[in-house]
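Residue-level structure breakdown
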Amino acid sequence: MGEEINDNPSGSGPADNTVAEGNGQTVEAGVKYYTLEEIRLHNMSTDTWLIIHDKVYDLTGFLEEHPGGEEVLIEQAGSDATESFEDVGHSTDAREMLMQYYVGELHMEENDAKSGESSSEMAI
Ligand code: HEM
């Protein structure tokens, strides 16, 4: 009742806000990870996601604005467009525009332990 200040139940382990250095496993608050499987579902003109450099973008609202036309974007919807994006030699402006459409990061499926279907095989 008198312990409201204590929001870090100490005793074991470091404070949980510490930025882990060097192990690449830091999960920043608010960053969402999507698997290829999930991204693949956003493959239509009314729902268009693309992966560029392992980042995921929702370009649905950008299709009509794209100077290169909406078709090229729809063609690759739901997949990795890094190569095509780089092949075109997009300007710095184009790269900055990407930020507006950022929705998250590509989740490497090898690390995806949570969606295992066979993890509950051992019933008692
Ligand atoms: C996904 C995010 C993308 C953004 C924000 C974007 C943005 C832009 C912008 C701003 C331009 C004008 C030129 C420049 O500033 O570089 C452009 C041109 C172009 N883009 Fe994209 N682009 C994207 C993806 C793609 C992809 C995946 C392709 C190919 C499959 C593509 C193909 C083209 C082509 C062919 C042009 C040249 C159009 C022309 O000059 O006639 N773009 N894009």
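Presented here is an overview of the structure given in this document. Source: prediction; values computed, not measured.

The rules behind the values
Residues numbered from 1 in each chain as written. Predicted model: local features only at pLDDT ≥ 70, side-chain atom pairs only at ≥ 80, totals over all residues. Heavy atoms only, no water. Donors = N, O, S within 2.8 Å, 3.2 Å for Na, K, Ca; no water. Tetrahedral: all angles 85-135°; square planar, octahedral: opposite > 155°, others 65-115°. Helix = DSSP H or I, 4+ residues; strand = E, 2+ residues; numbered from the N terminus. Buried < 20%, exposed > 50% of the residue type's maximum accessible area, 1.4 Å probe, protein only. Core = buried A, V, L, I, M, F, W, Y, C linked by side-chain atoms within 4.5 Å. Contact = heavy atoms within 4.5 Å. Near = heavy atom within 4 Å. Polar contact = N/O pair within 3.5 Å; in protein donor to acceptor, adjacent residues only side chain to side chain. Nonpolar A, V, L, I, M, F, W, Y, C, P; charged D, E, K, R; others polar. Salt bridge = Lys/Arg side-chain N within 4 Å of Asp/Glu carboxyl O. Phe/Tyr/Trp six-rings, centres within 6.5 Å; stacked < 30°, edge-to-face > 60°.

Right, let's talk about the coordination of the iron atom of the ligand for a bit. Octahedral metals with six donors have ideal donor angles of 90 or 180 degrees. Tetrahedral metals with four donors have an ideal donor angle of 109.5 degrees. Coordination sphere of the iron atom of the ligand, protein contribution only: H66 (NE2) and H90 (NE2), at 1.9 to 2.0 Å. One way to put it: the 6 donor atoms around the iron atom of the ligand meet at angles of 88 to 179°, and that makes the site octahedral. Of this pair, H66 sits in the loop between β4 (55-58) and α2 (70-75) while H90 sits in the loop between α3 (82-88) and α4 (92-98), placing them 24 residues apart in sequence. Note on H66: relative accessible area 14%, which makes it buried.

Another point: the nonpolar core. Listed in full, the 11 residues of the largest apolar core are L50, I52, Y57, L59, F62, L63, L73, A81, F85, L98 and Y101. Excluding residues that lie within four positions of it along the chain, Y57 makes contacts with T48, W49, L50, I52, L98, Y101, Y102 and V103. Of all hydrophobic cores here, the second largest spans 6 residues; its members include I39, W49, I51 and V56.

So, about the site of the ligand. Contacts to the ligand come from 19 residues, most closely from L59, H66, Q76, H90 and S91. Within the contact set of the ligand, a nitrogen atom lies 2.8 Å away from a side-chain nitrogen or oxygen of H90. Between an oxygen atom of the ligand and a side-chain N or O atom of S91, the distance comes to 2.4 Å. Looking at the shell around the ligand, the elements with two or more residues in it are β3 (47-52), α2, α3 and α4. Taken together, the residues of the shell around the ligand break down into 13 nonpolar, 6 polar and no charged.

Now for the pattern of salt bridges. According to the stated counting rule, one finds 2 salt bridges in the structure shown. Between E105 and K55 there is a salt bridge, with its nearest N and O atoms 3.1 Å apart. Placement of the pair is E105 in strand β6 (residues 102-106) and K55 in strand β4, with a sequence separation of 50 residues. Under the relative-accessibility criterion, E105 is labelled buried at 17%. Where E86 meets R95, a salt bridge forms, and the shortest distance between an N and an O atom there is 2.9 Å. According to the relative accessible area criterion, E86 is partly exposed, its value standing at 29%.

All right, on to the packing of aromatic side chains then. Using the criterion set out here, one finds 3 aromatic pairs in the structure. Between Y34 and W49, the ring centres sit 4.9 Å apart and the planes meet at 75°, which makes this aromatic pair edge-to-face. Of this pair, Y34 sits in strand β1 (residues 33-34) while W49 sits in strand β3, and the two are 15 residues apart along the sequence. Judged by its relative accessible area of 9%, Y34 is buried. With a centroid separation of 6.2 Å and an interplanar angle of 70°, the aromatic rings of Y57 and Y102 are classed as edge-to-face. With Y57 in strand β4 and Y102 in strand β6, this residue pair connects regions lying 45 residues apart in the sequence. Taking relative accessible area as the criterion, Y57 reaches 7% and is therefore assigned buried.

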